[in-house]
Every structure is written in structure tokens, then in C-alpha cells.
Amino acid sequence: MELYERGENAYIKAYGRYDTILEKGEGVYVYDTKGQKYLDFYAGIGVNSLGHCYPKYIEKLEKQLHTLNHVSNYFYTPVSIEAAEAVVKATKLDAVFFCNSGAEATEGALKLARKYYYLKHGNADSEIISFNHSFHGRTTGSVKLTGNPHYQEAFGPLIEGVKYGTLNDLNSVEALINDKTAAIIVEPVQGEGGVNPCNKEFLQGLRKLCDANDIVLILDEVQCGMGRTGTIMTYFQYDIMPDIVCLAKGLGCGVPVGAFVANKKVAKAMEPGDHGSTYGGNPFVCSAVKAVFEIIEEENLIAHVQQISQYLIKQLDGVVEEFDMVDSHRGLGLMQGLVINGSAKPIVKGLLDEGVIVVTAGENVVRMLPPFIINEAHVDEYIDKLKNVLKNLK
Ligand SMILES: *Cc1c(COP(=O)(O)O)cnc(C)c1O
């Protein structure tokens, strides 16, 4: 049997998969089983910020595998403590809980916010405000936070008490607030929903609303965090602090790890027994977290993201100008979306045929999440191939 058919037989078909089977990766390129080379401009949905098989990263993980892999969360390990300190320092918050994915990070943040509310009110009847076109994960809690009925329809009953505001519309949020509102959760740049950045006034306005009503502000930086937008946390560009931030994708750069990180005021609501995870933040994944922070710093990758994203943006300006089919581009740093007049799917498929991997966001956006290690030659290669695809679709 063909490899692809074997996959189709063995997997639950929750995904529509390409028939390209990827076998190995090196730097910003991946290779399929036929030896075809692809420029990876989506980095496993914003995960592989260091590209593939980054030598220093592998070295550090390998060393940890030979030292200690897993012990459960009833024990600290030196590497888990160092990873926790690195997260706390980078976020400028106070305490972290490690989990295994983005969905678990938002789910855990939700539980922490509810516990904070419960201690204050004595009732477990809180409400949460989320946003239309948001994405927070696929568990029955996080999918309810996800403001997209398409992901929810078949899976009810989901958790109760979630309402949806409109991004960049403070009035829509104010109208939803009442004395049961425990938290507001928002992505500073919506990823899956179409690469939609929050306005500065909006995010600062949410902070003010939360302060005025003792509401927990949860920022979901699972996709936009960890340096992707040009600062280690995107909220530093908005001059606000969240009460809780959720991290995952770029936190482990390829090993499954997520985290929610809170300030003291909120963090202290959780007591032993309130939450847990068997695997969460084991020594192996924590060696990855630690390695990621070290490499980002040693290699000055944030400054590189700032500089190379300016180059990418300049080239995207040219694409918007040249092709009527392309309406605009938007985003922050190396989280960019090309807004298409029409469906983005034929462009993503066309690019795959040309040897470039990107992904859609919503119906009409081509989403680019390249590894931080791209250089100008990679951007040029991408833009050339993108222009070829757009010409052929004209
Ligand atoms: C991907 C994503 C999630 C979910 O992460 P998983 O690891 O797939 O569970 C949550 N929030 C945002 C903003 C994401 O982009």
C-alpha cells in the first residue's frame, strides 16, 4: 500500500491532509518522501521559530534526554526551575504553570480566572468575554472560548457563560460586562481568524475596563508570542500588562509544551490540588523551553525578526501594488497575512506546487509564519514564487 493510503487507513480523519508526505527538515527547508524541497514559510503553524533541526537546540535536548526525561510534577528538577524562571523573566509576570498545548494553556487560564472570581464571590457562576473570529483551542472549554460557531456546532453542550465581543470595538465589550464577568480573553493578533492585530487604543481600553471592574485580562499569545511579532511578548508593543498570558507554539519550538503565566494577585488563587498535568513541563520539554530562550538571546533573534520582517513587509507592499487580486497585507513582525479578493486556498495550493509551504487564515488570507532564521534570500525566493502563482491565477 502507498504510504499516504496507509495514513488514511490508520488515522481518524479529523484533518484534510495534503498528499505530500514530509520526511525531513533542515533550517528553513523541509523535504518530502520524493526528495522535493519546500521553503517552510509557516513553520508548523508558527511553532518552529528556529527552523528545523537547529544544531544548538538539538544538542541541549539530547543532553537532557540522557540526564532525566520525566518525573511527574510532585518534584521540581533543576531544568524545570530554570525554564520557569526564564518564562517569568521574559513575560515580566510572577508565576507559571506548564501544560502540553495551547488549548490546555487557555483552559488553565480560564480555570485560574474562575477560581479568582470564586474566591471573591463565593459562587461558581462567572462569565467570560471572548471575541468573534478568535481561536483558543479545541477542548470543550477552549473551543467555547473560540468565537467561531463552525468549530462548536457538533460538540455541545459546551461550557456555559461565554459571550463574544467584536475585536477593536470597545463599546461591544462594555455592553457585555456585568458583575459576573470574571475574565476577558483576547489574542493581541488574532491568528486563525485572519491575522487581525488589535489596535493599541483597544487593548489599552480593555486593560482599563478590567482594572475598573476587577476583571482578569487574559492575553492568548500562543501564536503571536515568543518573539514572533518582534518583541518577546506582543503586549510589550501595546504598553500594557495582562493578568495572565497563554503560551505554547513557539515556546518549545517543536516539543509539545504550553504555559499560562500570571501576576501574583491572580496566581495566588490556585492552591495545591486545583489543577494538574502528568506530563506538563517535564524535564525534557523544559530543556527545550530553556534552550529556546537561550538561543533567542544568544543569536539576537528578536532584533533579526524586527529587521527581516521590515524587508518582508516591503516586498509584500510590492505584491499588493502589482496584483489586483491582492487587497492588502496586515500583521506584526513575522506574523503576516496577505488579504486576497476571493479565496486564499488556490494560492496556498499553488505555492505548495511551487515548493513553498504557507497556510490560510480564515477564508481569504494567506498566512505567513516563517522561522525567525530566514534571510533576505529566503524572502526573495518566497516573493518570486508567490508572484508566479499569482500570475498563473490571473
Ligand atoms: C494554536 C492556538 C491555540 C491552540 O493551541 P494547540 O496547541 O493547538 O492546542 C490557542 N490559541 C491560539 C491563539 C492559537 O493560535
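Here the residue numbering is sequential within each chain, running from 1 through the sequence in written order. Under the rules for a predicted model, residues below a pLDDT of 70 receive no local features and side-chain atom pairs below 80 are neither given nor counted, while totals for whole chains, interfaces and linings still include all residues. The basis for every side-chain value is the complete set of heavy atoms in the structure, and neither hydrogens nor water enter the calculation.

1. A short note on the site of the ligand
Every residue close to the ligand is listed here: Ser101, Gly102, Ala103, Phe135, His136, Gly137, Glu187, Asp220, Val222, Gln223 and Lys249. Polar contacts, as used here, are pairs of N or O atoms within 3.5 Å; protein pairs need one atom able to donate a hydrogen and one able to accept it. Residues neighboring in sequence count only if both atoms are side-chain atoms. Contact between the ligand and Gly102: an oxygen atom at 2.8 Å from a main-chain N or O atom of the residue. Interatomic distance of 2.6 Å between a side-chain N/O atom of Lys249 and an oxygen atom of the ligand. Per-residue accessibility takes into account occlusion by the displayed protein chains alone, with areas from the Shrake-Rupley method and a 1.4 Å probe. Protein coverage of the free-state accessible area of the ligand, which is 380 Å², stands at 82%. Each residue receives one of three labels: charged for Asp, Glu, Lys and Arg, nonpolar for Ala, Val, Leu, Ile, Met, Phe, Trp, Tyr, Cys and Pro, and polar for the others, Gly being one of them. Taken together, the residues that form the shell around the ligand break down as three nonpolar, five polar and three charged. Working definition: residue near molecule or strand if any one of its non-hydrogen atoms lies within 4 Å of it.

2. Structural notes on helix 4 (residues 78–91)
The first and last C-alpha atoms of helix 4 sit 20 Å apart over 14 residues, in line with the 20 Å expected at 1.5 Å per residue. Listing the buried residues of helix 4 in full gives Val79, Ser80, Ala83, Ala84, Ala86, Val87, Ala90 and Thr91. The arc that holds the buried residues of helix 4, viewed along the axis, is 160 degrees, so those residues lie on one side. Facing away from the buried side of helix 4 by more than 90 degrees, the exposed set consists of Pro78, Glu85 and Lys89. In the core, the buried residues of helix 4 are packed alongside helix 3 (55–65), strand 4 (95–99), strand 11 (244–247), helix 10 (249–252), strand 12 (258–262) and helix 12 (283–298). At the exit of helix 4 stands Lys92, carrying a positive phi of roughly 60 degrees. Secondary structure counts use DSSP, requiring at least four H or I residues in a row for a helix and at least two E residues in a row for a strand, with both numbered from the N terminus. Multiply 1.5 Å by the residue count of a helix minus one, and that product is the helix's expected span. Only protein chains enter the accessibility calculation, which uses a 1.4 Å probe; a residue is then buried when its area is under 20% of its type maximum, exposed when over 50%, and partly exposed in between. It is the directions from the helix axis to the C-beta atoms whose arc is reported. Residue contacts follow a heavy-atom distance rule, with two residues in contact if any of their heavy atoms lie within 4.5 Å.

3. Some points on the sheet that holds strand 6 (residues 162–165)
The pairing criterion for strands is at least two bridges between them, as found by DSSP. Sheet architecture is open: seven strands sit in the order 4-12-11-10-7-5-6, paired in mixed fashion. In this open sheet, the two strands that pair with only one neighbour each are strand 4 and strand 6. Looking at each pair of strands side by side, their axes are set apart by 20 degrees on average, direction ignored. Where strand 10 (residues 216–220) lies against strand 11, three bridges are found, and the strand directions are parallel. Its bridge partner lying in strand 11, Ile218 is registered against Ile244. Helix axes use the C-alpha atoms of the stretch in contact, all axes being lines fitted to C-alpha atoms, and the angles between their N-to-C directions lie in the range 0 to 180 degrees. Strands strand 4, strand 11 and strand 12 of the sheet are contacted by helix 4, whose axis makes an angle of about 120 degrees with strand 4. In the packing of helix 5 (residues 102–121) onto the sheet, contacts are made with strand 4, strand 5 (127–131), strand 7 (181–186), strand 10, strand 11 and strand 12, and the angle to strand 11 comes to roughly 160 degrees.

4. Quick word on the environment of Phe155
Examined against the element boundaries, Phe155 turns out to sit in the loop between helix 7 (149–152) and strand 6. Relative accessible area serves as the criterion here: at 52%, Phe155 is assigned to the exposed category.

5. Things to note about the packing of helix 13 (residues 301–322) against helix 15 (residues 376–393)
Each pair of packed helices can be summarised by the angle the axes make with each other and by the distance between the axes. Closest axis-to-axis distance for the helix 13/helix 15 pair is 10 Å, and the angle between their directions is 20 degrees. In terms of their interaxial angle, helix 13 and helix 15 are classed as roughly parallel. Where helix 13 crosses over helix 15, the two elements pack in a sense that is right-handed. Where helix 13 abuts helix 15, its residues Gln307, Ile308, Tyr311, Leu312, Gln315, Leu316, Val319 and Glu322 lie against Glu376, Val379, Asp380, Tyr382, Ile383, Leu386, Lys387, Leu390 and Lys391. Residues belonging to the contact of helix 13 with helix 15 are distributed by class as follows: 10 nonpolar, two polar and five charged. Our angle categories are set so that under 35 degrees counts as roughly parallel, over 145 as roughly antiparallel, 65 to 115 as roughly perpendicular, and the remainder as oblique. Left-handed describes a crossing whose near helix is turned anticlockwise from the far helix by less than a right angle; the clockwise case is right-handed.

6. Structural notes on the packing of aromatic side chains
By convention, a stacked pair of Phe, Tyr or Trp rings (six-membered ring in the case of Trp) has centres within 6.5 Å and planes under 30 degrees apart, an edge-to-face pair has planes over 60 apart, and any other such pair is tilted. For the structure on display, the rule yields five aromatic pairs. Taking 5.1 Å as the distance between ring centres and 15 degrees as the angle between the ring planes, the aromatic pair formed by Phe97 and Phe260 counts as stacked. With a gap of 163 residues between them, Phe97 in strand 4 and Phe260 in strand 12 connect regions that are remote in the sequence. Classification of Phe260 as buried rests on a relative accessible area of 3%. Taking 5.7 Å as the distance between ring centres and 80 degrees as the angle between the ring planes, the aromatic pair formed by Phe131 and Phe202 counts as edge-to-face. Here Phe202 lies in helix 9 (residues 200–213) and Phe131 lies in strand 5, a separation of 71 residues in the sequence. Relative accessible area serves as the criterion here: at 3%, Phe202 is assigned to the buried category. When the ring centre of Tyr11 is taken as origin, the NZ or CZ atom of Arg17, which lies over that ring, is 4.5 Å away. Two conditions define a charge located above a ring, namely a distance within 6 Å from the ring centre to NZ of Lys or CZ of Arg, and an angle within 35 degrees of the ring normal. Here the basic side chain of Lys92 rests over the ring of Phe236, its NZ or CZ set 5.3 Å away from the ring centre.

7. Some thoughts on the packing of helix 4 against helix 12
Closest axis-to-axis distance for the helix 4/helix 12 pair is 8 Å, and the angle between their directions is 40 degrees. The angle between the axes of helix 4 and helix 12 places the two elements in the oblique class. Helix 4 and helix 12 meet at a crossing whose hand is left-handed. For the pair formed by helix 4 and helix 12, the contact residues are Val79, Ser80, Glu82, Ala83, Ala86, Val87 and Ala90 on the first element and Pro283, Cys286, Ser287, Val289, Lys290 and Phe293 on the second. Taken together, the residues that form the contact of helix 4 with helix 12 break down as nine nonpolar, two polar and two charged.

8. Points about the layout of surface pockets
In this structure, the second largest pocket spans a volume of roughly 1,100 Å³. The rule is simple: put a 1 Å grid over the protein atoms alone, call a set of points where a 1.4 Å probe fits but cannot get out a cavity, call an open set with protein on both sides within 12 Å along at least five of seven lines a pocket, and count a residue as lining if it has an atom within 4 Å of a point. Forming the walls of the second largest pocket are 34 residues, and the residues nearest its centre are Asn73, Tyr76, Val96, Phe97 and Phe98. Secondary structure elements with two or more residues in the lining of the second largest pocket: helix 4, strand 4 and strand 12. Sort the elements by how many residues they give to the lining of the second largest pocket and strand 4 lands first, with four residues. Classifying every residue of the lining of the second largest pocket gives 19 nonpolar, 13 polar and two charged. Grid points are joined across faces, edges and corners, and a volume is the space filled by probe spheres set on the points.

9. Thoughts on the environment of Lys120
Within the fold, Lys120 resides in helix 5. When the C-alpha atoms of Lys120 and Ala269 are compared, they prove to be 9.7 Å apart, with 149 residues separating the residues in sequence.

That's the geometry; what it means functionally is another story.
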